[in-house]
Amino acid sequence: MQRRHFIAGGLSAAALPSLSFAQGIEKPKVTIAVGGKNLFYYLPLTIAEQLGYFKAEGLDVNIVDFAGGSRALQAVVGGSADVVSGAFEHTINMQFKGQPMRAFVLQGAAPQIVLGVNPKTMPNFKSVADLKGKKIGVTAPGSSTNVLANYVLAKAGLKPSDVSFVGVGAANGAVAAMRAGQIDAISNLDPVITLLQRSGDLKIVTDTRKMAEAEQVFGGPMPAGCLYAPTAFTDRNPNTAQALTNAMVRANKWIQQAGPGEIIRVVPESYLLGDRAVYIDGFLASKQAMSVDGSFPAKGAETAFKALASVDSKLAEAKLDLNAVYTNAFVQKANAKYPKG
């Protein structure tokens, strides 16, 4: 059994075995759970799949889509999936619950989540405090869209119990709920947000697709979509984690160099929600919030912890090891292997 050493940010690069196909991938068949695969939040995952980057690394990846990130996490906890493509802050919550998870490659440098109100049901909206007693649509209760809404509400002096959260998914169902007036506000992502904005069915309140606004909202860098797994998974399967990271880093770099037309040619038709122009606008709005190389920012875990602690007093009092919830070791090797993607 190989000994592993730990440093700030998880596994040290020196402690990882030199990775090659000669050593073999411990788990060539990997199931990744994701909550809303059509969202730009998860675009690197789709690109890695569609362009064959997982296969190029010797992996047979099965991606299972759920209504939201909290459901995707449940799949890994329940053992039906190996890895989550989801929000970074879940790693902190899971350490708090005694089920340690480790993030190992970043997809989103900012949350890309937009909180907006329904102009039909809230024509006189003035401030976030007006949301008291209202219904807010989120992808799924407990997901990152719910976390962002909680955080924005807390800054306005409201508790999560002051509103009603409704799971509306991340596609046409979310759009329909807003247009029908079933919800008074929505916390969601592109392309849903751009679609609602273009049709006049959304007034934006908080927009974390903009890096500067995301940092202002959270008070620091807030890592978003990433691949994370139970700590035991990356410890037992370092070559598999490396192969997954290699594919994702290549996808991140491909997106940075791609134009909207190239993105549209690669993603499935269903992602466009019936409107290519909206999809292109959504991509251009979200691109700046995507990770350029898969690396986690040094203060990211601290920012995420503060956001969660602001609405959970028990978590706020917990003594957590924030260096254990992520590692950049795999990303460093992936960038060395694919400097240009």
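Use the structure listed above.
Small disclaimer: the values here were computed from a predicted structure and weren't measured.

## Looking at the pattern of salt bridges
- For the structure on display, the rule yields eleven salt bridges.
- The partner of Lys-37 in a salt bridge is Glu-49, and the shortest N-O contact between them spans 2.6 Å. One end of the pair, Lys-37, is in the loop between strand 3 (29-35) and helix 1 (43-50); the other, Glu-49, is in helix 1, and twelve residues separate them in sequence.
- Exposure remark for Lys-37: the relative accessible area of 14% places this residue in the buried category.
- The exposure class assigned to Glu-49 is partly exposed, which follows from its relative accessible area of 30%.
- In this structure, Arg-102 engages Asp-235 in a salt bridge whose closest nitrogen and oxygen atoms are separated by 3.2 Å. Placement of Arg-102 in strand 6 (residues 101-106) and of Asp-235 in helix 9 (residues 231-236) is noted, with a sequence separation of 133 residues between them.
- By relative accessible area, Arg-102 is classed as buried at 2%.
- On the basis of relative accessible area, Asp-235 is assigned to the partly exposed category, the value being 21%.
- Each of Lys-120, Arg-179 and Asp-201 takes part in a single network of salt bridges with overlapping partners.

## Notes on the sheet that holds strand 10 (residues 185-188)
- Strand order across the open sheet formed by five strands is 9-8-10-7-11, with mixed pairing between neighbours. Strands at the two margins of the open sheet, each flanked by one partner only, are strand 9 (164-167) and strand 11 (203-207). With direction set aside, neighbouring strand axes in the sheet form an average angle of 25 degrees.
- As defined by bridge partners, strand 7 (residues 114-117) adjoins strand 10 across four bridges and the pair is classed as antiparallel. Looking across to strand 10, one finds that Val-114 is bridged to Asn-188.

## A closer look at the packing of aromatic side chains
- Inspection of the entire model under this criterion finds eight aromatic pairs.
- Ring geometry for Phe-88 against Tyr-326: centres 6.4 Å apart, planes inclined by 65 degrees, an arrangement best described as edge-to-face. Of this pair, Phe-88 sits in the loop between strand 5 (83-87) and helix 4 (89-96) while Tyr-326 is found in the loop between helix 14 (313-317) and helix 15 (329-337), placing the two residues 238 residues apart along the sequence.
- On the accessibility criterion, Phe-88 (1% relative accessible area) is buried.
- By relative accessible area, Tyr-326 is classed as buried at 8%.
- When the ring of Phe-104 is compared with that of Phe-330, the centres are 6.1 Å apart and the planes differ by 70 degrees; the resulting orientation is edge-to-face. In this pair, Phe-104 sits in strand 6 while Phe-330 sits in helix 15, placing the two residues 226 residues apart along the sequence.
- Residue Phe-330 is classed as buried on the basis of its relative accessible area, which comes to 0%.
- An aromatic cluster of three or more residues is present, and its members are Phe-40, Tyr-279 and Phe-283.
- The cationic tip of Arg-250 hangs over the ring face of Tyr-338; the distance from NZ or CZ to the ring centre is 4.8 Å.

## Thoughts on the sheet that holds strand 4 (residues 60-66)
- Pairing is mixed in the open sheet, where five strands are placed in the order 4-3-5-12-6. Of all strands in the sheet, those with a lone pairing partner are strand 4 and strand 6, marking the two edges. Here the average twist between neighbouring strands, direction ignored, is 30 degrees.
- As paired strands, strand 3 and strand 5 are joined by three bridges and run parallel to one another. Counterpart to Ala-33 in the pairing with strand 5 is Val-84.
- Strands strand 5, strand 6 and strand 12 (225-230) of the sheet are contacted by helix 4, whose axis makes an angle of about 170 degrees with strand 6.

## Regarding the pairing of strand 5
- Of all five residues making up strand 5, five are buried, and the element is well covered by its neighbours.
- Both strand 5 and strand 12 contribute to a ladder of four bridges, which runs antiparallel. Residue Ser-85 lies in a different strand from strand 12, and its bridge partner there is Leu-227.

## Here's the deal with the environment of Ser-70
- Tracing the sequence through the fold places Ser-70 in helix 3 (residues 69-77).
- C-alpha separation for the pair Ser-70 and Pro-141, spaced 71 residues apart in sequence, amounts to 7.2 Å.
- Not counting the four nearest positions on each side in its chain, Ser-70 is found in contact with His-90, Ala-140, Pro-141, Gly-142 and Ser-143.

Calculation notes
Residues numbered from 1 in each chain as written. Predicted model: local features only at pLDDT ≥ 70, side-chain atom pairs only at ≥ 80, totals over all residues. Heavy atoms only, no water. Salt bridge = Lys/Arg side-chain N within 4 Å of Asp/Glu carboxyl O. Helix = DSSP H or I, 4+ residues; strand = E, 2+ residues; numbered from the N terminus. Buried < 20%, exposed > 50% of the residue type's maximum accessible area, 1.4 Å probe, protein only. Pairing = 2+ DSSP bridges. Axes fitted to C-alpha atoms, helices over the stretch in contact; angles between N-to-C directions. Phe/Tyr/Trp six-rings, centres within 6.5 Å; stacked < 30°, edge-to-face > 60°. Lys NZ or Arg CZ within 6 Å of the ring centre and 35° of its normal. Contact = heavy atoms within 4.5 Å.

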